[in-house]
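# Geometric and topological summary
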Amino acid sequence: MQLSLNSFLPLSLRVRLRPIAFIAALLIAWQIAVSRSPVHILPGPSEVVGGIVDLIRHGLLLKYIVASLFRVTWGFLLAACLAIPIGLHVGWHRRAEMALNPLIQIFRPISPLAWIPIAILWLGVGDLSSIFLIFLGCFFPLLLTAINAVQNVPAVHANVARNFGLSPAAVVYRVLYPAVVPQLIVGLRITLGVAWLVVVAAEMIAVNSGLGFLIVDARNAGNRYDLVVAGMVIIGLIGLLLDLGMRSLERVKSLRWSYSED
Amino acid sequence: MVFQRDGKTTQVLRDVNLQVAPGEFVCILGPSGCGKSTLLSTMAGFLSPSSGEVKIDGELVTGPSPRRIFVFQERGLFPWLTVEGNIAFGLFKLSRLERDRRIAYYVKLVGLEGFEKAYPSELSGGMKQRLEVARALAVNPDMLFLDEPFGALDSITRLTMRRELLRIWEAERNTIIFVTHDIDEAVQLADRVAVMSDRPATIQQIVTIDIPHPRDLSSPRYLELRNGIFDQLGLAHKV
């Protein structure tokens, strides 16, 4: 009789456990490598966990996470509220796109981080400058996503709408808006990831709280690399949760269609 | 009808004169690229002719109208709306009650009962085409324009769909203008067939199909008419 682990677990559970098992194996390898190494160049997982516990005990973990999320939320929402309507309008009207395109193409490649000195000059060190940087990092990708989404709507949809006697405004409300939603959601998810990257970098330079600040401060104030890595781990985990959250939005049934099936 | 693109002027249609009676089923037949889709789009009001005019009921056609619905191939369906949602699309001027009544009627007419809440991505090609027709009919148009609607379907489904279309037409009696490249399809469906020449296209011949429905595909009269069109197009009878 052949006994194997596989026969005990159903397939779906096995598939779910694989990434977890893989990560567990990596953590064990990491711990072993650190305890064997004579030179202390990286804290082991146990020290990192200790660092996280430390942060919780000082009440800093939640405070820093909330600070970072607060900035991301504001910067991201501001960018979305501006970029999406503008992008939809520009995408719909040929002439607007031709007028604005050179300007967009000039500003787009400038990394938000290059704006840091100007942000601090205009808005000082603090929440406003980091929100501004996140806004910049999100605005152009969302603008381009919206323009692109409109241009990907097949012309036949607008023709059908006109055929049934819809006014031009109704064509926009009843056809254009629903048609661009799936692409917008994907764009929002990707841009949220960008926002999360920008916030960490912005906090390293321009503010006095948050996860990015934690990393820089932990090193400066006493070479606490366990806190540095702890900060990185938390940043990664929250980034993952944000991404999963957006993906679950994509799975809503009425939004699940896309033009890529053609 | 003259198109200009990339500096080249192409005359697509030349000297097209066609009269259609109400309630008639007319097929426009021709090889791909001969301009029949252009002709149909012009008739429906999506394109304006560079010379000449389109008149329906004595009025000049200047744009698309809900009285003349164009049935695109399945691509015209809205993927974010269910079957009911698509059929209801043109019915925004009606009361809730009337709208629901019409949706139920047309769902039944095209044979999509049980799929009211399904999305187009869940339907087969034939079902999507039927949904397109239901959406078009729901607004009770005077005319229907169909541009090779069965082109994306396999040939077996096409036979079934032709029967379905005729059944629906006999119930509704709209005027139908149907573009196809399939000679058999034209002879099976139409009251009259307008045979088009190559580009710049003109109507070579108008054949009246006088066989009553349902048409026997093996009857001598059917074959006679079909062969006549073969000859008109200069096609050999043997493959």
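Here the structure is a predicted model, which means the values were calculated and not measured. (Residues numbered from 1 in each chain as written. Chains lettered and ligands numbered in written order. Predicted model: local features only at pLDDT ≥ 70, side-chain atom pairs only at ≥ 80, totals over all residues.)

### Quick word on the overall build of chain A
Quick reminder of the rule: We count a stretch as a helix when DSSP gives it H or I for four or more residues in a row; a strand needs E for two or more, and each element gets its number in order from the N terminus. Every radius of gyration here is taken over C-alpha atoms, with the globule rule written as 2.2 Å times N^0.38, N being the number of residues. Buried residues are those with 20 or more other C-beta atoms within 10 Å of their own C-beta, exposed residues have 12 or fewer, and partly exposed residues lie in between; C-beta atoms are placed from the backbone.
Counting its secondary structure elements, chain A contains 10 helices and zero strands. The N-to-C order of helical and strand elements in chain A reads α-α-α-α-α-α-α-α-α-α. In summary, chain A has a C-alpha radius of gyration of 24 Å against a globular reference of 18 Å for 262 residues, an excess of more than 25%. Across its three principal directions, the C-alpha atoms of chain A cover 75 × 70 × 30 Å. Of all 262 residues assigned to chain A, the portion counted as buried reaches 31%.

### Observations concerning unusual backbone geometry
All names here are of chain B. A cis amide bond, omega -5°, links His213 with the succeeding residue Pro214. Inspection of the secondary structure puts Pro214 in the loop between strand E10 (203-208) and helix H7 (220-232). Phi is positive for Arg173, which is not a glycine, with a value near 55°.

### Focus: the sheet that holds strand E9 (residues 192-196) of chain B
All names here are of chain B. The criterion, for reference: The pairing criterion is simple: DSSP has to find at least two bridges between the two strands. As a rule, the C-alpha atoms of each element are fitted with a line to give its axis, helices using only the stretch in contact, and angles between N-to-C directions run from 0 to 180 degrees.
Strand order in the open sheet formed by six strands is E6-E7-E8-E3-E9-E10, and the pairing between neighbours is mixed. Edge strands, defined here as strands with exactly one partner in the open sheet, are strand E6 (68-71) and E10. With strand direction ignored, the average angle separating the axes of adjacent strands in the sheet is 15°. Two strands pair when backbone bridges link them, and strand E3 (residues 25-29) and E9 are joined in this way by four bridges, in the parallel orientation. Opposite Leu29, over in E9, you have Val195 as the bridge partner.

### Remarks on the confidence of the model for chain B
Residue and element names in this part refer to chain B. Rules: A score from 0 to 100, pLDDT tells how confident the predictor is in each residue.
Summarising the model, chain B shows a mean pLDDT of 86, and 95% of its residues fall at 70 or more. When mean pLDDT is taken per element in chain B, helix H2 (residues 83-87) scores highest with 94 and strand E1 (residues 2-5) scores lowest with 53. Confidence estimates for the predicted assembly give a pTM of 0.78 and an ipTM of 0.84.

### Re the interface of chain B and chain A
The cut-off we apply is this: Placing a C-beta atom from the backbone of each residue, one calls two residues in contact when those atoms lie within 7 Å. For this scheme, ten residues count as nonpolar: Ala, Val, Leu, Ile, Met, Phe, Trp, Tyr, Cys and Pro. Four count as charged, namely Asp, Glu, Lys and Arg, and the remainder, Gly too, count as polar.
At the interface, 17 residues of chain B touch 13 residues of chain A. Partitioning the side of chain B that touches chain A into residue classes produces 12 nonpolar, four polar and one charged.

### Thoughts on helix H4 (residues 94-107) of chain A
All names here are of chain A. Going by this rule: Here the expected span of a helix is defined as 1.5 Å times the quantity of residues minus one. Think of it this way: the bend at a residue is just the angle between two axes, each fitted to seven residues, one set ending at that residue and the other starting at it.
The first and last C-alpha atoms of H4 sit 20 Å apart over 14 residues, in line with the 20 Å expected at 1.5 Å per residue. Taken as a whole, H4 carries its principal kink of about 45° at Leu100; the proline Pro102 stands between one and four residues after it. Counting buried residues along H4, only zero of its 14 residues qualify, which leaves the element largely exposed.

### Points about helix H2 (residues 45-57) of chain A
Residues and elements named next belong to chain A. Convention followed: To be clear, the arc concerns the directions from the helix axis to the C-beta atoms.
Taking 1.5 Å as the rise per residue, H2 with 13 residues should run 18 Å; its terminal C-alpha atoms sit 18 Å apart, in good agreement. Those residues of H2 that fall on the buried side of the exposure criterion are Val48, Gly51 and Leu55. All buried residues of H2 project into a common sector of 55° when viewed along the axis, lining one side. Away from its buried face by more than 90 degrees, H2 exposes Val53, Ile56 and Arg57.

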